[in-house]
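Here is what each chain is made of, one letter per residue.
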Amino acid sequence: MPASDEREIVIEGLHKAFDGRPVLQGVDLTIKRGEIVAIVGGSGCGKTVLLQHIFGHHQPDSGRVLVADHESPGSPLRDLATLDEDEMDRIRVHWAIVFQRNALLSGTVFHNLALWPREIHEWDDARIMPLARKALEAVGLDPDAVMHRDREELSGGMAKRVAIARAIVMDPVLVLYDEPTAGLDPEMSRQVHELIRQTHERLPGLGVPRTTLVVTHDTGLLRALRPRVVMLHDGRVRFDGDFSHFLASDDPHIKPYLEQMAFLHEQKRA
Ligand SMILES: Nc1ncnc2c1ncn2[C@@H]1O[C@H](COP(=O)(O)OP(=O)(O)O)[C@@H](O)[C@H]1O
Ligand SMILES: [Mg+2]
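Residues numbered from 1 in each chain as written. Chains lettered and ligands numbered in written order. Predicted model: local features only at pLDDT ≥ 70, side-chain atom pairs only at ≥ 80, totals over all residues. Heavy atoms only, no water.

1. Focus: helix α6 (residues 156-168)
Here α6 is 13 residues long and its end C-alpha atoms lie 19 Å apart, about the 18 Å a rise of 1.5 Å per residue gives. Of all 13 residues in α6, twelve are buried, a share of seventy percent or more. Within α6, burial applies to G157, M158, A159, K160, R161, V162, A163, I164, A165, R166, A167 and I168. Against β6 (95-98), α3 (109-121), α4 (125-138), α5 (143-146), β7 (174-178) and α7 (186-201) lie the buried residues of α6. (Helix = DSSP H or I, 4+ residues; strand = E, 2+ residues; numbered from the N terminus. Expected span 1.5 Å × (residues − 1). Buried < 20%, exposed > 50% of the residue type's maximum accessible area, 1.4 Å probe, protein only. Contact = heavy atoms within 4.5 Å.)

2. Quick notes on the site of ligand 1
Close to ligand 1 lie F18, R21, V23, G42, S43, G44, C45, G46, K47, T48 and V49. G44 is positioned such that a nitrogen or oxygen atom in its backbone is 2.7 Å from an oxygen atom of ligand 1. Between ligand 1 and the protein, one listed contact pairs an oxygen atom with a backbone N or O atom of C45 at 3.2 Å. Counting residues per element, the ones that place at least two in the shell around ligand 1 are β2 (21-32) and α1 (47-54). Among the elements that make up the shell around ligand 1, the one with the highest residue count is α1 (three residues). Within the shell around ligand 1, the residues separate by chemical class into four nonpolar, five polar and two charged. (Near = heavy atom within 4 Å. Polar contact = N/O pair within 3.5 Å; in protein donor to acceptor, adjacent residues only side chain to side chain. Nonpolar A, V, L, I, M, F, W, Y, C, P; charged D, E, K, R; others polar.)

3. Brief notes about the nonpolar core
V40, L136, I196, L222 and F246 are the most contacted members of the largest nonpolar core, which has 51 residues in total. Residue contributions to this core peak at eight residues, all from α6. Those residues in contact with V40, other than ones at most four positions away along the chain, are K47, T216, L222, V229, V230, M231, L232, F246, Y257 and M261. Listed in part, the 31 residues of the second largest apolar core include L14, W95, W116 and V215. (Core = buried A, V, L, I, M, F, W, Y, C linked by side-chain atoms within 4.5 Å.)

4. Remarks on the pattern of salt bridges
What the rule picks out here adds up to 19 salt bridges. Among the ionic pairs, D69 bridges to R78, the shortest N-O distance being 3.0 Å. Between E152 and R151 there is a salt bridge; the shortest N-O distance is 2.8 Å. With relative accessibility at 57%, the residue E152 sits in the exposed group. By relative accessible area, which is 30% here, R151 ends up partly exposed. Beyond isolated ion pairs, a larger network of salt bridges with shared partners links D69, R78, E87 and R90. (Salt bridge = Lys/Arg side-chain N within 4 Å of Asp/Glu carboxyl O.)

5. Some details on the pairing of β7
Of all the five residues making up β7, five are buried; the element is thus mostly covered by neighbouring parts of the structure. Going residue by residue along β7, you find L174, L176 and D178 tucked away on one face and V175 and Y177 tucked away on the opposite face as well. The pairing of β6 with β7 spans four bridges and is classified as parallel. Directly across from I97, in β7, lies its bridge partner L176. Judged from the five bridges that link them, β7 and strand β8 (residues 211-215) form a sheet pairing that is parallel. Its bridge partner being in β8, V175 is matched across the sheet by T212. (Pairing = 2+ DSSP bridges.)

6. So, the pairing of strand β4 (residues 62-68)
The sheet contact formed by strand β1 (residues 7-18) and β4 spans five bridges and is antiparallel. Bridging from a neighbouring strand, E12 pairs with R64 of β4. Pairing geometry for β4 and strand β5 (residues 77-79), over three bridges, is antiparallel. Its bridge partner lying in β5, L66 is registered against D79.

7. Quick word on the packing of α3 against α6
Relative orientation of the contacting elements α3 and α6 amounts to 30 degrees, with a least axis distance of 8 Å. The angle between the axes of α3 and α6 places the two elements in the roughly parallel class. As for the relative orientation of α3 and α6, their crossing is right-handed in sense. Across from V109, N112, L113, L115 and W116 in α3, the residues of α6 making contact are V162, A165, R166 and A167. (Axes fitted to C-alpha atoms, helices over the stretch in contact; angles between N-to-C directions. Parallel < 35°, antiparallel > 145°, perpendicular 65-115°, else oblique. Left-handed = near helix turned anticlockwise from the far one by under 90°.)

Written out as structure tokens, the structure is:
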């Protein structure tokens, strides 16, 4: 699905400090609808904090985060700071996040898949079940075998698939993944790359192309998905371009990061 010219996310001059320590120091970034974008950069450089701003979990100290409002005709950009809680919930219906370490709740797979449909729409189990089955099938799991399995009974690879299924159960237009292959072996990582690609390419029911953001250190993922690569460094966007240019870059801040990527990715495998 080619990216459209329409903007899905616009970040302008985003600054954020914690306890006086600056993390984001003027991030400017525009993401078009239908794009797949990898956010890379050293540990602690603010990748997760950036995702949290897009998701509305953090408010900027200064600067703006605008996100397309798919509940309004023409999907206009809305400044998250101007939305009240109800408006935020209305817009967020179309977003999903796959958290680092999955953040699955204790309980069954179904309990996890039902979390957002229950919370957002107050749907009952009978209404959620067919969506939950479809989401599990989309990530290559057999609904009959895993739906009522407990979180504790899932392997690492299955837990990641369930986390992705939970994210796509409501057929979101914007999907954010935070280090989706950290901790996975190479074969499982390849399967997750493929799931991210398939999910990205499947047209959402809303009829607008899906936009995907992936925070990662996984060069295998960059090779497989060929996303636009955005590197954060010193609180700003240091590189923005395709993977081959990123690999070939002689920027003194990019080369050492490239050399570290495999280590940073492997480190997470516990
Ligand atoms: N809620 C928070 N309170 C205080 N400091 C935070 C918080 N969230 C993140 N930080 C700090 O911000 C910096 C960037 O964190 P993060 O975005 O998680 O890094 P990464 O690029 O590895 O995802 C880190 O130094 C982290 O300790
Ligand atoms: Mg992080």
